[in-house]
Amino acid sequence: KLPNAYLFMGLEGTGKDAMAIEIAKTLNCERSKTEACDECTNCKAIGSLASPLLYFVFALAKDSKKEETVSDDEDEVSKIDVIREQIEFKAKDPYHDIQIPKALTINIKQIRDLRLVLSRSMTGGKKRVVFISEADTMRREAQNAFLKSLEEPHDNTLIILTSSNPSRLYPTILSRCQDIRFDMLAPLEISEALTERDDLDRPQAEFLARLSGGSFTAARSMVNEDVAALRAQVVQLLRMGLTRSR
């Protein structure tokens, strides 16, 4: 039996978003009730983040409130292209950190749009999953509006919040979610993922895994770095620390 809402919390890069997408696929898989097959129509559509069974919310708000101009309209078109591109990256790689210029918060309009979606009933025995990535970026007014959705459970709907900073969420939101903590990943898990997903050689993967602090995303951000230079920096820092301790 599933709760009305989950809160996946933990260090960035530990698989919270990936798990949310996987759950959405599993709940709607046409071939299995225990694991996503990744081959049926529902699994493929949800995996591409283009299915009505998965409502995906992430930071989009503008930083400023300038009056609209022709230039602003052009910027908006460019921003839409960036959003589409970032969603495509996320679909290909659930560990991808969506980055849109000047998009730092989830605004009230996004939550109002969500409430409209939730007002529509689900049919056919399908399970709608609302996935709010980095939910702690919701503005105050957005959190207040979202709280109403949590207080009114919707049939055949599961809400999943992910957050690296759950302390920024209202206590009333936290209390209405079943929380699941995502611990730091072990170096072995990260190195194996790097060799399988990013085709790194074993020594480089193991070195980056040790530097990652338990975050797969952090490890991947260093993939294109000069490993030899990084190793030299680490050795130098360790030596400086030993010298100071003496």
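All of these numbers come straight from a predicted model, not from anything done at the bench.

## Observations regarding the overall build of the protein chain
Here is step 1: On a plain count of helices and strands, the protein chain comes out with 10 helices and 5 strands.
Here is step 2: The contacts in the protein chain between residues at least 6 apart in sequence include a share of 70% that link residues at least 24 apart.
Here is step 3: Working note: accessible area of the protein chain is about 14500 Å², and carbon and sulfur atoms make up 50% of it.

## Quick notes on the side chain of Thr217
Here is step 1: Structurally, the position occupied by Thr217 is in helix 9 (residues 216-221).
Here is step 2: Contacts of Thr217, omitting those with residues within four sequence positions, involve Glu12, Gly13 and Tyr95.

## Digging into helix 7 (residues 187-197)
Structural remark: α-helix, 3.6 residues per turn; residues separated by three or four positions point the same way.
Here is step 1: Those residues of helix 7 that fall on the buried side of the exposure criterion are Ile190, Ser191, Ala193, Leu194 and Thr195.
Here is step 2: Buried residues along helix 7 sit in contact with helix 8 (202-211) and helix 9.
Here is step 3: Where helix 7 terminates, the next one or two residues include Asp199, which has phi positive at roughly 55°.

## Comments concerning the nonpolar core
Buried together is how nonpolar side chains tend to be arranged in soluble globular proteins.
Here is step 1: Ile111, Ile132, Met138, Phe146, Leu161 and Ile173 are the most contacted members of the largest nonpolar core, which totals 25 residues.
Here is step 2: Listing elements by their share of this core, those giving two or more residues are strand 1 (5-10), helix 4 (108-118), strand 3 (128-132), helix 5 (140-151) and strand 4 (157-163).
Here is step 3: It is helix 5 that provides the largest number of residues to this core, a total of 5 residues.
Here is step 4: For Phe146, the residues in contact, after removing those within four places along its chain, are Ile111, Leu114, Ile132, Met138, Ile159, Leu161 and Ile173.
Here is step 5: Counting residues in each nonpolar core, the second largest holds 22 residues, with Ala20, Ile21, Leu53 and Ala103 among its members.

## Overview of the sheet that holds strand 4
Here is step 1: If you trace the 5 strands from one edge of the open sheet to the other, you get 2-3-4-1-5, paired in parallel fashion. Bordering the open sheet on either side are strand 2 (54-57) and strand 5 (178-182), each of which pairs with just one other strand. Put simply, the sheet's adjacent strands are angled 20° from each other on average, direction ignored.
Here is step 2: Sheet topology places strand 1 next to strand 5; 5 bridges connect them, and they run parallel.

## Looking at unusual backbone geometry
Here is step 1: Positive phi, normally seen in glycine, also occurs at Leu49, with a value near 60°.
Here is step 2: Here Leu49 lies in the loop between helix 2 (41-47) and strand 2.
Here is step 3: At Glu134, a position not held by glycine, the phi torsion is positive, near 50°.
Here is step 4: Mapped onto the elements of the fold, Glu134 is located in the loop between strand 3 and helix 5.

## Side note on the pattern of salt bridges
Here is step 1: Using the criterion set out here, one finds 9 salt bridges in the structure.
Here is step 2: Residues Lys25 and Asp38 are paired through a salt bridge, measuring 2.7 Å at the closest nitrogen-oxygen approach. Here Lys25, found in helix 1 (residues 16-28), pairs with Asp38, found in the loop between helix 1 and helix 2; they are 13 residues apart in sequence, far enough to count as distant.
Here is step 3: By relative accessible area, Asp38 is classed as partly exposed at 42%.
Here is step 4: Measuring nitrogen to oxygen at the nearest pair gives 3.1 Å for the salt bridge that ties Asp198 to Arg220. Here the residue Asp198 occupies a position in the loop between helix 7 and helix 8, and Arg220 occupies one in helix 9, the gap between them amounting to 22 residues.
Here is step 5: With a relative accessible area of 24%, Asp198 lands in the partly exposed category.
Here is step 6: One continuous salt-bridge network, built from bridges that share partners, spans Glu22, Lys25 and Asp38.

## Side note on the pairing of strand 1
Here is step 1: Burial within strand 1 is extensive, with 6 of its 6 residues counted as buried.
Here is step 2: Across the two faces of strand 1 the burial is the same, with Ala5, Leu7 and Met9 and Tyr6, Phe8 and Gly10 all buried.

## So, the confidence of the model for the protein chain
Here is step 1: This prediction gives the protein chain a mean pLDDT of 88; 88% of its residues lie at or above 70.
Here is step 2: Below a pLDDT of 50 lies the segment residues 63-71, which in the model reaches 5 contacts outside its immediate sequence neighbourhood of four places, other chains included.

## Examining the environment of Ala205
Here is step 1: Looking at where Ala205 falls in the secondary structure, it is placed in helix 8.
Here is step 2: Here Ala205 falls in the buried class, since its relative accessible area comes to 0%.
Here is step 3: Along the sequence, Ala205 and Ser191 sit 14 residues apart, while their C-alpha atoms lie 4.7 Å from each other.

Rules and cut-offs
Residues numbered from 1 in each chain as written. Predicted model: local features only at pLDDT ≥ 70, side-chain atom pairs only at ≥ 80, totals over all residues. Heavy atoms only, no water. Helix = DSSP H or I, 4+ residues; strand = E, 2+ residues; numbered from the N terminus. Contact = heavy atoms within 4.5 Å. Areas by Shrake-Rupley, 256 points an atom, 1.4 Å probe, with all protein chains shown as cover. Buried < 20%, exposed > 50% of the residue type's maximum accessible area, 1.4 Å probe, protein only. Core = buried A, V, L, I, M, F, W, Y, C linked by side-chain atoms within 4.5 Å. Pairing = 2+ DSSP bridges. Axes fitted to C-alpha atoms, helices over the stretch in contact; angles between N-to-C directions. Salt bridge = Lys/Arg side-chain N within 4 Å of Asp/Glu carboxyl O. pLDDT = per-residue confidence, 0-100.

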